[in-house]
Amino acid sequence: MRYQFKTSYDRDIDLFGDAAQRNWYLALLAVLCAAPLVLEQFWLGELSYVFILSIAAVGLMLLTGYTGQVSLCHGAFLGIGAYAYAVLLQRGVPFFVAAPLASLITAGVGAAIGFPALRLVGIYLAMATLAFNFIVEYVFVHWDSVTGGFSGFAVPQPTVFGYSIVDYPLFYYLTLAALLFALFVANNIMRAPTGRALIALRDSEVAAQSMGVKLTRYKTISFALSAGLTGFAGAFFAHKIGYLAPDAFGILLSIQLLLMVVVGGLGSFRGAIFGALFVGALPSVIALLRDFLPQSVARQPGLEPGLFGLILIGFILFEPHGIEGRWRKLRLFFSQFPMYRVATFKKQKSFTKSERFR
Amino acid sequence: MSQVIQIFMSGLAEGCIYALVALGFVLIYKATEMVNFAQGDLMMLGAFVGYFLIVGLGANYWIALVGAVVIMAVFSYALDVFVLRRVIGQPQFAVVMLTIGLGFVFRAAASMIWGANPLAFVTPFTDGTTSIGGAPIPDVSLSIVAGTAVLCGLLFALFQYTPVGVAMQAASQNQLAAYYMGIPVKRIFALIWAISGGVAAVAGILLAPLTLIDTSIGFLGLKAFAAAVLGGFGSIPGALAGGIAIGLIEQFSGVYLMDGFKDIAAYVVLLLVLFVRPQGLFGAAARKRV
Amino acid sequence: MIALEARELALHFGGIKAVDGISFQVPERSVFTLIGPNGAGKTTVFNLISRIYEPTAGRLIFEGRDITTVPPHDIARRGIARTFQNIELFENATVLQNLLLGRHAHAAGNVVAELMFLPGVRRREIAHREAVERVIDFLNLEPHRDTLISGLSYGVRKIVELGRALCTEPRLLLLDEPSSGLNPEETDDLVFWIQDIRDILGITVLMVEHDMGLVSKVSDHVLALNHGQVIASGTPGAVKSDPQVVKAYLGG
């Protein structure tokens, strides 16, 4: 077993629990930094895609996993970030200004949608955000002069550090740095008073209010931060897909993002990354599988979404805490090796607790 | 004038389909507090089963209708017993994700069995028209409206006058108390799912002559979901009113408003209503007691 | 000095008069208890004070200032904290996080500084942590510091909730049935804590309680309610033997 001995309050506040944990993460970072030396460009591209999705998933995790507000419009936020960024580039704004500005614009839109959505709970919020997603798609299609309508437009490719931004390994390092920054910011907010207020209003709005948490303020902050992070991801997403068109940011993307946070494990940024890794890598894995399957099965167009659905069902039924939950169990298993009991995580049988009242 | 009647009738027919799917959502939600995002896909399966019975087996339309209802009811019953029962006690959110997953699987299965090309079958109402107020109205629209009315009447009688219906109401109001009173809550829930599946099958078969059947008609469920929320999730009259309202809004905005607005009119109205009344039109505002 | 005063406070739900024009004064540094049969309106009075409900009529005055129209999230900052009858803790957070949230009223934060976790944020966090540790010491919560609430027994949760209220550094503490669900030893501890809260921390306590043993031991003043109206008021002994109170409890 490993114990963490804490000798100062700082130890509880620091980003890493102890030196061992910090060293593991540093080792992982070193491996990621060295990856371009061994990996082909295709795999670097896949990794950058996962990094981008991870940023968006971290944003959604902040809202859904930590604040308990479900959102079916993060695909739209990703789109707003991507469009805002690309339009800024077209107007000649340099990359290092355009990306943060796109993030800010999306945060503003997030606050604008968050504010009226404050009084909505549960399924009503889900539906309102879904409706918002459709409306944003409509705006992308019909605001021709800026978005290029149905056919969209190609994303300009600015020069960064003397290279074109879409060159590898530059783009790989840029997305990695962006992900690290997103994680830094998200973890900071969660260890500060604002983060605790978000958790509080997830678990009990009444109690949070009586402790001085202003619900309207913190729900708006949560929406804004979440949208801001997702919009930030949008800037890189724009380069990844290269060509912006409205149908890239539909409701299916929103559902995929939600899948990431659920499959990854709600209430953990590490879970968000697990989820993004999973959802981002799944199509490639299925593509590989196709080669080994009999023709009649492999040619089916429904294969990918079907497998997707099956995996999602499997997670909800057998591992409701997601990959993160499985990860914790594995770690506990090894750290307690001969003593591990399956019953540690046994679920109790229960009846439905009403969520009609909040 | 006759144009307005025509638009009104096609809106009403479309709205009835939304209402039926919304009814399926609300029945399940009221009883089990589960939000079934796959309701639209159940309707899609119902339409395909109808196609299989009529075109594949050459059955009479009415026999196929009853057959599809029975098959979908049994299927939904089994769905509850084997899948959904396991998530009782988990947060609502988990159920939403589970049913989204089920929707993916249903669509994939349907495209594997029936292929990705749109299909159609002939009904007694196809191509017929009846004149109302001087406007020719397709029989298909009338069949949808009449079918919805009959189905609602039957369901009302079921809940009001049969012991099973009363037990369902009891289970929906307080699961634990109903269980202690000897009501087999699990079986009641499965029956509710069966009813929802049956309603979905009716919706699918009524819809079939209006559009072609393909795996994407399940997405109509999203609008039906908007209808249920508009009416106030958990209110059966609300679901019906919400469905019809959205059907009418869509048709009229399609004719009188700018191009493409038809597709989002329902959502714009929904957002506006929710911002004024967060609990929907007929929903009761509830808050936790502390 | 009067800490809290209610003047002709009333709350009607349609035709039901949950609270029907009651007035009382809670003296500073005292333990003031509301008793009464179920449905008498005790918790409703609490919900009115913490502004979860909007009163139909009447005024609430705290430390000489009218708080009848103050928004609910401002109540904590003004020096009133509360616990809940059925425990409203943040289930999926640790005891420490719950207690730190009790500091929220003092944690006016700048989101941008928090995003970067600037040194000032860290400094304030440590100050909050020190305040929280004093409460942890006071209530002997050390063994549970890093436990999730969902893993705690009912009795400990009650204490954590009391601790969270104390972390706001209130001048008036509202305790809604603090002893319900506690075993006899835990109830005995509670007697000492309530006395210490009044005598050492100098906090005025307003509580709703059914355990007459506890009420008699700690209360300076008791107010009996029935059907939303005051039926008796005075020392614990006097109220307990009041014929109206006896009748209300025995029915009739």
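Look up a bit, the structure's there.
Before going into details, it helps to say that this report is about the structure given with it. What you are looking at is a predicted structure, and each value in this text was computed from that prediction instead of being measured.

Moving on to the overall build of chain C. A count of helical and extended segments in chain C gives 9 helices and 10 strands. Taken over the C-alpha trace, chain C has a radius of gyration of 19 Å; the compact-globule value for 252 residues is 18 Å, and the two agree within 12%. C-alpha extents for chain C along the principal axes are approximately 60 × 40 × 35 Å. Taken over 252 residues, chain C has a buried fraction of 58%. Restricting the contact set of chain C to residue pairs at least 6 apart, pairs at least 24 apart contribute 67%. As presented, chain C carries roughly 10,400 Å² of accessible surface, and 52% of it is formed by carbon and sulfur atoms.

Facing the 35 residues of chain A at the interface are 37 residues of chain C. Carbon and sulfur atoms make up 63% of the area that chain A and chain C hide from each other, which totals about 3,300 Å². Among the residues chain A hides against chain C, the three largest losses belong to Tyr9, Arg196 and Met211 of chain A. Together they make up 25% of the total. On inspection of chain A and its partner chain C, the count reaches 4 salt bridges. Note that Arg122 of chain C and Asp14 of chain A form a salt bridge whose closest N and O atoms lie 3.0 Å from each other. Sorting the residues of the side of chain A that touches chain C by element identifies α1 (9–13), α8 (170–190), α9 (193–203), α10 (205–210) and α11 (215–241) of chain A as the ones contributing at least two each. With 8 residues, α9 of chain A is the single largest residue contributor to the side of chain A that touches chain C. Here the residues of the side of chain A that touches chain C are counted per class, giving 19 nonpolar, 6 polar and 10 charged.

All right, on to the sheet that holds strand β6 (residues 80–82) of chain C then. Residues and elements named next belong to chain C. On the basis of which strands lie adjacent, the open sheet formed by 6 strands has the order β6-β7-β8-β3-β9-β10 and mixed pairing. Strands with a single pairing partner mark the edges of an open sheet, and in this sheet they are β6 and β10 (229–234). Across the sheet, the axes of successive neighbouring strands diverge by a mean angle of 20°, strand direction being ignored. One ladder, built from 3 bridges, connects β6 with strand β7 (residues 172–176); its direction is parallel. Following the sheet pairing, Ala81 is matched in β7 by Leu173. Taken strand by strand, helix α5 (residues 154–167) contacts β6 and β7, and its axis lies near 160° from that of β7. Each of β3 (31–35), β9 (221–226) and β10 touches helix α9 (residues 243–250); the most contacted strand, β10, lies at about 130° to it.

With 23 residues, helix α8 (residues 185–207) of chain B should cover 33 Å at 1.5 Å per step; its first-to-last C-alpha distance of 33 Å lies within 8% of that length. With 20 of 23 residues buried, α8 of chain B lies mostly within the body of the structure.

In a soluble, globular protein the nonpolar side chains are often hidden away together inside. One finds Tyr85 of chain A, Phe233 of chain B together with Leu206 of chain C to be the most contacted residues of the largest nonpolar core, which totals 251 residues. Setting aside its immediate chain neighbours within four residues, Tyr85 of chain A contacts Phe95, Ala98, Ala99, Ala102, Pro158, Ile165, Ala235, Ala238 and His239 of chain A. Counting residues in hydrophobic clusters, the runner-up holds 35 residues, among them Val31, Leu99, Cys167 and Leu175 of chain C.

The partner chain A presents 48 residues to the 55 residues of chain B that form the contact. The junction of chain B with chain A conceals about 4,700 Å² of combined surface from both sides, 75% of it contributed by carbon and sulfur atoms. Of all residues in chain B, Phe93, Met97 and Phe104 of chain B bury the most surface against chain A, accounting for 13% of the area lost on that side. Across the chain B-chain A interface, the total number found is 0 salt bridges. Linking chain B to chain A there are 4 residue pairs in polar contact (both at pLDDT 80 or more). Considering every element that reaches the side of chain B that touches chain A, the biggest residue donor is helix α4 (residues 92–114) of chain B, with 14 residues.

It is worth spelling out the side chain of Glu177 of chain C at this point. Residues and elements named next belong to chain C. Positionally, Glu177 belongs in the loop between β7 and α6 (184–199). Buried charge without a partner: Glu177 forms no salt bridge, and the closest opposite charge is Lys42, 5.2 Å away. Separated by 3.2 Å, the side chains of Glu177 and His210 make a polar contact. For Glu177, the contacting residues outside a window of four places in its chain are Gln85, Lys158, Val208, Glu209 and His210.

Residue and element names in this part refer to chain C. For Gln25, the location among the structural elements is in strand β2 (residues 16–27). You can call Gln25 partly exposed: its relative accessible area is 43%. For the pair Gln25 and Glu186, spaced 161 residues apart in sequence, the C-alpha to C-alpha distance is 30 Å. Once residues within four sequence positions are removed from consideration, Gln25 is found in contact with Ile2, Leu4, Glu5 and Phe32. At 3.3 Å, the side chain of Gln25 and the side chain of Glu5 are in polar contact.

Scanning the entire structure with this criterion turns up 23 salt bridges over all chains. The residue Lys219 of chain A makes a salt bridge to Glu205 of chain A at a minimum N-O spacing of 3.2 Å. Taken together, the residues Lys219 of chain A in helix α11 and Glu205 of chain A in helix α10 connect sequence positions 14 residues apart. Notably, a salt bridge pairs Arg51 of chain C with Glu54 of chain C, separated by 3.3 Å at the nearest N-O pair. The network of salt bridges with common partners includes Asp12 of chain A together with Arg129, Glu133 and Arg145 of chain C.

This paragraph deals with the packing of aromatic side chains. For any two aromatic rings, the description comes down to two numbers: the centre-to-centre distance and the angle of the planes. Residues and elements named next belong to chain A. Under the definition given, this model contains 38 aromatic pairs over all chains. Both rings, one in Phe274 and one in Trp327, keep their centres 5.7 Å apart while their planes meet at 55°; by these two values the pair is tilted. Linking Phe274 in helix α13 (residues 269–290) with Trp327 in helix α16 (residues 322–335), this pair joins segments that are 53 residues apart in sequence. Ring pairing ties together the aromatic residues Tyr85, Phe95, Phe96, Phe161, Phe181, Phe232 and Phe236, which thus form one cluster. In this structure, Arg217 is placed above the aromatic ring of Tyr218, and the distance from its NZ or CZ to the ring centre is 5.2 Å.

Once that is clear, we can look at the side chain of Ser210 of chain A. Relative to the helices and strands, Ser210 of chain A resides in helix α10. One polar contact links the side chain of Ser210 of chain A to the main-chain carbonyl oxygen of Ala207 of chain A, over a distance of 3.0 Å. With sequence-adjacent residues up to four places away left out, Ser210 of chain A is seen in contact with Ala76, Arg82 and Phe84 of chain C.

A word on a nonpolar patch on the surface. Where nonpolar side chains cluster on the molecular surface, the patch consists of Leu15, Phe16, Tyr25, Leu28, Phe181 and Phe184 of chain A together with Met116 and Leu118 of chain C and spans about 670 Å² of accessible area. Taken together, the elements giving at least two residues each to the nonpolar patch come down to α2 (19–38) and α8 of chain A. With respect to the helices, strands and loops of the structure, Leu118 of chain C is situated in the loop between α3 (111–116) and α4 (119–138). The exposure class assigned to Leu118 of chain C is partly exposed, which follows from its relative accessible area of 42%.

Conventions and cut-offs
Residues numbered from 1 in each chain as written. Chains lettered and ligands numbered in written order. Predicted model: local features only at pLDDT ≥ 70, side-chain atom pairs only at ≥ 80, totals over all residues. Heavy atoms only, no water. Helix = DSSP H or I, 4+ residues; strand = E, 2+ residues; numbered from the N terminus. Rg over C-alpha atoms; globule rule 2.2 N^0.38 Å. Buried < 20%, exposed > 50% of the residue type's maximum accessible area, 1.4 Å probe, protein only. Contact = heavy atoms within 4.5 Å. Areas by Shrake-Rupley, 256 points an atom, 1.4 Å probe, with all protein chains shown as cover. Buried area = accessible area lost by both parts, 1.4 Å probe. Salt bridge = Lys/Arg side-chain N within 4 Å of Asp/Glu carboxyl O. Nonpolar A, V, L, I, M, F, W, Y, C, P; charged D, E, K, R; others polar. Pairing = 2+ DSSP bridges. Axes fitted to C-alpha atoms, helices over the stretch in contact; angles between N-to-C directions. Expected span 1.5 Å × (residues − 1). Core = buried A, V, L, I, M, F, W, Y, C linked by side-chain atoms within 4.5 Å. Polar contact = N/O pair within 3.5 Å; in protein donor to acceptor, adjacent residues only side chain to side chain. Lys, Arg positive; Asp, Glu negative; His and termini not counted. Phe/Tyr/Trp six-rings, centres within 6.5 Å; stacked < 30°, edge-to-face > 60°. Lys NZ or Arg CZ within 6 Å of the ring centre and 35° of its normal. Patch = residues over 30% accessible without salt bridge, like charges linked within 9 Å, V, L, I, M, F, W, Y side chains within 5 Å.

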